Amino acid sequence: MSGSLWLKPPGPDGSWVHVGHPAPAGRTDTLPDLPRPRPGRPGAPAADPMDELAERLGVFVAAAVHPDEIAAILESDGMTDEYIRLTYGRQDSFALAEELYARVPRSFPEPDRLPDPWKVSLTACLLRGVIFALPGLAYVLGAPLLEGPPDRLGLPAGTLTLLAGALIGWVWDQSLSHRAYSWLGLGDRAAAGRTLLVGAPAGALLGTAAAFAVPGGPPFSYAFAAGQAVYVGAATVLLVLGRERVLLAALGPMAAGAVLALSTGLPVPVRITLLVVSLLAACTLALRELPLAEGVRAGVRRILRWAERRPGEGGPVRWRMLRGPEEDHARRGPRLGDSAPYGVFGLGTGLLVLYAALGEVLSGGPAEAVAAPSAVALTLSMGPAEWLLHRFRSGSLAGLRAARSPGAFWRRMLVTLARCLCVYLAVLLALGVTGTLLWPHAPGLTALRVATLLLLGAVMWTGLLLQSFGAVRPAAVVCAGAACAQSLALLAGIGQPRLVQLAVAGTAAAALAVLVCLLLGRATAHR
């Protein structure tokens, strides 16, 4: 059995096109009619039926990519080989299709305009960038309580304690966010909530433990690090579940107090109160978003099942079914191993940003060499970076529709990539210059610092681009390798810190650029 391949009227005005001769009045089918004598002058030559057929099927023949496509259309509408020999003088449908394919030039119609699935609000992305950087104002409020002699590396008192907790918490919450987003992508918001309910407190404990493992900090630095770890967990919950505005409101008291503290001296009790209020607000709002009662019930059921296990149930299982029939069609969630590379990527980028701010001090330079504006600029730029990632995905989708060959698509992809990357680097440079001018006693933004900042920005943006396409493992290997190389150079005292950082960032940026061209140059990667 065969039927027409046309699922909708293919004519230019929405009407059916008949493959054979015109259908009599009142008929709406697509089967060809028997040839009739044509009216005309006696003795005049008859019109070539091939010309008529090419005119009638011009839309289909011009859009065909192979003669077999035309042959399938002819056969599906009832044109037998005998009819083709009698009417058109060709051997069969394939011969007729080849001649039609050679006679009509190629003209591929433009696809229907579809809504852009990668279109996002620039305001929302900028808001996320502000939220990423706004917690840094908490250090302004807590600075009077962190006073003390410099630590053994020459950093301000409590810096190592806070950095250890922040770095470990950042790595954990990168993996946790990926796992929760994976559940959201599967349409299971409840499972994402349960993941966050278990993972956020665990990350807070890990961050606190890492901070307490660093000896010699001021007493308040440990309390501050514990609050920092708890806030990171609460912020992860709210950001994953799309509650950016709620989190911004929770940070309001702390941010207002920090701005006020820059101009007037606030009493220590007021500073502590503002920090605690913002922390409690973030935690309370995060708990409201989590399935707390359901999570507690699930935990109790799991404990009861574990307690009811009989002694022999943990033995050999050769005689038992490993999977019950009720589990055959159960939803399979993301694997734990798939989230680990995101944590490694977070560790690598976090260390690179840390070295951008503290590299010279860690290698024995003066405390005044802390390049905090560079770290702040990289953090604030994550909002525009996210928006530009979506613009690249949108541009690559448009390239798939417009390109006529793999080479043309590859060139369009490179142009879109270069445009988005240049815009991001321009934004990053503007943020770095502005931060350097506004930051008190900040080191000057020399050409070497500018080059390092831009290369680090290229590393982070291309790494995030690969991550957004699912190629997080090569990006994590490159970023983690760059962080390890700079750590080894720092510990061994090899080279001048700024030159080492420039070389490491340049090598990592070049490696990621090659990976982007190799992995994203294929059209199948943009499906």
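For the structure, check the block above.
Cut-off values and rules
Residues numbered from 1 in each chain as written. Predicted model: local features only at pLDDT ≥ 70, side-chain atom pairs only at ≥ 80, totals over all residues. Heavy atoms only, no water. Helix = DSSP H or I, 4+ residues; strand = E, 2+ residues; numbered from the N terminus. Buried < 20%, exposed > 50% of the residue type's maximum accessible area, 1.4 Å probe, protein only. Contact = heavy atoms within 4.5 Å. Areas by Shrake-Rupley, 256 points an atom, 1.4 Å probe, with all protein chains shown as cover. Salt bridge = Lys/Arg side-chain N within 4 Å of Asp/Glu carboxyl O. Phe/Tyr/Trp six-rings, centres within 6.5 Å; stacked < 30°, edge-to-face > 60°. Lys NZ or Arg CZ within 6 Å of the ring centre and 35° of its normal. Polar contact = N/O pair within 3.5 Å; in protein donor to acceptor, adjacent residues only side chain to side chain. Core = buried A, V, L, I, M, F, W, Y, C linked by side-chain atoms within 4.5 Å. Patch = residues over 30% accessible without salt bridge, like charges linked within 9 Å, V, L, I, M, F, W, Y side chains within 5 Å. Disulfide = S-S within 2.5 Å. Axes fitted to C-alpha atoms, helices over the stretch in contact; angles between N-to-C directions. Parallel < 35°, antiparallel > 145°, perpendicular 65-115°, else oblique. Left-handed = near helix turned anticlockwise from the far one by under 90°. Nonpolar A, V, L, I, M, F, W, Y, C, P; charged D, E, K, R; others polar.

> When you look at the overall build of the protein in this model, what are you seeing that I'm missing?
Regarding its fold elements, the protein presents 20 helices and zero strands. Within the protein, buried positions represent 42% of all 527 residues. For the protein, the share of sequence-separated contacts (at least 6 apart) that also reach a separation of at least 24 residues comes to 77%. For the protein, the exposed surface amounts to about 28,400 Å²; the carbon and sulfur share of it is 66%.

> Before we go on, may I ask you to explain the pattern of salt bridges in this structure?
Oppositely charged side chains can pair when the atoms bearing their charge come close. Within this structure, the stated rule accounts for nine salt bridges. One salt bridge in this structure joins glutamate 386 and arginine 128, with 3.1 Å as the shortest N-O distance. Remark: arginine 128 occurs in helix H6 (residues 122-133) and glutamate 386 occurs in helix H16 (residues 382-402); sequence separation between them is 258 residues. Among the ionic pairs, arginine 335 bridges to aspartate 338, the shortest N-O distance being 3.3 Å. The class for arginine 335 is exposed, based on a relative accessible area of 60%. Judged by relative accessible area, aspartate 338 falls into the partly exposed class, the value being 22%. Connected through salt bridges with shared partners, the residues Asp51, Arg90, Glu99 and Arg103 form a single ionic network.

> Looking at this structure, I do not really get helix H1 (residues 49-56). What am I missing?
In an α-helix, one full turn covers 3.6 residues, which means residues spaced three or four apart are oriented alike. Among the residues of H1, Pro49, Met50, Glu52, Leu53 and Ala54 are the ones counted as buried. Where H1 is buried, its residues contact helix H2 (58-63), helix H4 (81-87) and helix H5 (93-103).

> Could you clarify how one ought to interpret the packing of aromatic side chains in this entry?
Two aromatic rings, taken as a pair, are described by how far apart their centres are and by the angle between their planes. In the structure shown here, the tally under the stated rule is five aromatic pairs. With a centroid separation of 6.3 Å and an interplanar angle of 80 degrees, the aromatic rings of tyrosine 83 and tyrosine 88 are classed as edge-to-face. Between the NZ or CZ atom of arginine 106 and the centre of the ring of tyrosine 101, over which it lies, the distance is 3.9 Å. Arginine 393 extends its terminal NZ or CZ atom over the ring of phenylalanine 469, reaching a point 3.8 Å from the ring centre.

> Help me understand the side chain of threonine 236, please; the structure alone is not making it clear to me.
Mapping threonine 236 onto the fold places it in helix H10 (residues 219-240). Judged by relative accessible area, which is 8%, threonine 236 ranks as buried. Only 3.4 Å separates the side chain of threonine 236 from the side chain of aspartate 173, close enough to count as a polar contact. If we ignore the near neighbours within four places in the chain, the residues touching threonine 236 are Asp173, Leu176, Ser177 and Leu196.

> Would you explain the nonpolar core in this entry?
Side chains that are nonpolar tend, in soluble globular proteins, to be buried together. By size, the foremost hydrophobic cluster in this structure holds 55 residues, and its most contacted members are Leu378, Phe392, Tyr424, Trp461 and Leu465. Secondary structure elements with two or more residues in this core: helix H14 (336-362), helix H15 (372-380), H16, helix H17 (406-438), helix H18 (447-468), helix H19 (472-492) and helix H20 (497-520). The biggest single contributor to this core is H14, with ten residues. With residues near it in sequence (within four places) discarded, leucine 465 still touches Leu389, Phe392, Leu417, Val516 and Leu520. In this structure, Leu141, Leu162, Cys283 and Leu285 belong to the second largest nonpolar core, which totals 38 residues.

> Would you explain a nonpolar patch on the surface in this entry?
On the surface, Val268, Ile272, Val276 and Leu280 cluster together into a nonpolar patch covering about 290 Å² of accessible area. Relative to the assigned elements, valine 268 resides in helix H12 (residues 268-289).

> How should I be thinking about the state of the cysteines in this particular structure?
Cysteine pairs can be linked by a disulfide, which is a covalent bond between their two sulfur atoms. Using the criterion set out here, one finds zero disulfides in the structure. Here cysteine 422 is not disulfide-linked; the sulfur of cysteine 420 is the nearest cysteine sulfur, at 9.5 Å. Residue class for cysteine 422 comes out exposed when judged on its relative accessible area of 52%.

> Can you help me understand the packing of H1 against H5 in this one?
Angle between the axes and distance between the axes: these two values describe a pair of packed helices. Orientation of H1 relative to H5, taken along the N-to-C sense of each, is 70 degrees, at an axis distance of 11 Å. It follows that H1 is roughly perpendicular to H5 by the angle criterion. As for the relative orientation of H1 and H5, their crossing is right-handed in sense. Facing Met50, Asp51, Leu53 and Ala54 of H1, the residues of H5 in contact are Leu96, Glu99, Leu100 and Arg103. The residue makeup of the contact of H1 with H5, split by class, is five nonpolar, no polar and three charged.

> I tried to follow the environment of alanine 418 on my own but got confused; where do I start?
Residue placement: alanine 418 occurs in helix H17. For the pair alanine 418 and phenylalanine 392, spaced 26 residues apart in the sequence, the C-alpha separation amounts to 9.7 Å.

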